[in-house]
Amino acid sequence: MMKFDSWKTNVFAALIGFIVFFFLSWRVNLLTTSLMRAGLFSLIIFVTAFLFRWMLRKIQAAPIEDDDHIEAQGDSVEQKGRESEEKQENEDSLSEEEIELASRFMKEKLNE
């Protein structure tokens, strides 16, 4: 069985394209014209197949996340969550006097 990730796939596609194009145009055109056009068409298919296979390999080569990486991300998210909770607790522990001073300061700045 032929793999679809080799240059043989391109040759096979170009050969099929040549045969189809030649048999569709040999009754309408001269033999030499049909052969030249079929050859050009097969060359175009050959190059297009290379580009198509290259794009397919790029799509399939997307990075796969392993479990260790996912666990490390989860740990860092949990750590960030703990840090934000600690900051929230520190902000909540302001005295009423500090809050009053901060609100007066903001009012003064807004009125300027």
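Scroll up to find the structure this text is about.
Here the structure is a predicted model, which means the values were calculated and not measured.

*Asks:* Is there a simple way to explain the pattern of salt bridges in this structure?
*Replies:* Pairing between side chains becomes possible if they bear opposite charge and their charged atoms approach one another. Scanning the model with the defined rule gives one salt bridge in all. The shortest N-O distance in the salt bridge between R104 and E100 comes to 3.8 Å. Placement of the pair is R104 and E100 together in helix α4 (residues 96–111), with a separation of four residues, close to one helical turn. We classify R104 as partly exposed; its relative accessible area is 46%. E100 sits in the partly exposed class, given a relative accessible area of 40%.

*Asks:* What is the right way to read the packing of aromatic side chains from this model?
*Replies:* How two aromatic rings sit relative to each other is given by the distance of their centres and the angle of their planes. In this structure the tally under the stated criterion is four aromatic pairs. Geometrically, the ring pair formed by F46 and F50 is edge-to-face, given 5.2 Å between the ring centres and 85° between the ring planes. Of this pair, F46 and F50 both sit in helix α2 (residues 31–60), four residues apart, which is roughly one turn of that helix. Residue class for F46 comes out partly exposed when judged on its relative accessible area of 25%. Under the relative-accessibility criterion, F50 is labelled partly exposed at 35%. The rings of F18, F22 and F23 are connected pair by pair, giving a single aromatic cluster.

*Asks:* Can you walk me through the packing of helix α1 (residues 7–25) against α2 in this structure?
*Replies:* Packed helix pairs are characterised by how far apart their axes lie and by the angle those axes make with each other. At their nearest, the axes of α1 and α2 sit 7 Å apart, and the two run at 150° to each other. Judged by the inter-axis angle, α1 sits roughly antiparallel to α2. The way α1 lies across α2 gives a crossing that is right-handed. A breakdown of the residues in the contact of α1 with α2 according to their chemical character gives 15 nonpolar, seven polar and two charged.

Each value, and the rule that gives it
Residues numbered from 1 in each chain as written. Predicted model: local features only at pLDDT ≥ 70, side-chain atom pairs only at ≥ 80, totals over all residues. Heavy atoms only, no water. Salt bridge = Lys/Arg side-chain N within 4 Å of Asp/Glu carboxyl O. Helix = DSSP H or I, 4+ residues; strand = E, 2+ residues; numbered from the N terminus. Buried < 20%, exposed > 50% of the residue type's maximum accessible area, 1.4 Å probe, protein only. Phe/Tyr/Trp six-rings, centres within 6.5 Å; stacked < 30°, edge-to-face > 60°. Axes fitted to C-alpha atoms, helices over the stretch in contact; angles between N-to-C directions. Parallel < 35°, antiparallel > 145°, perpendicular 65-115°, else oblique. Left-handed = near helix turned anticlockwise from the far one by under 90°. Nonpolar A, V, L, I, M, F, W, Y, C, P; charged D, E, K, R; others polar.

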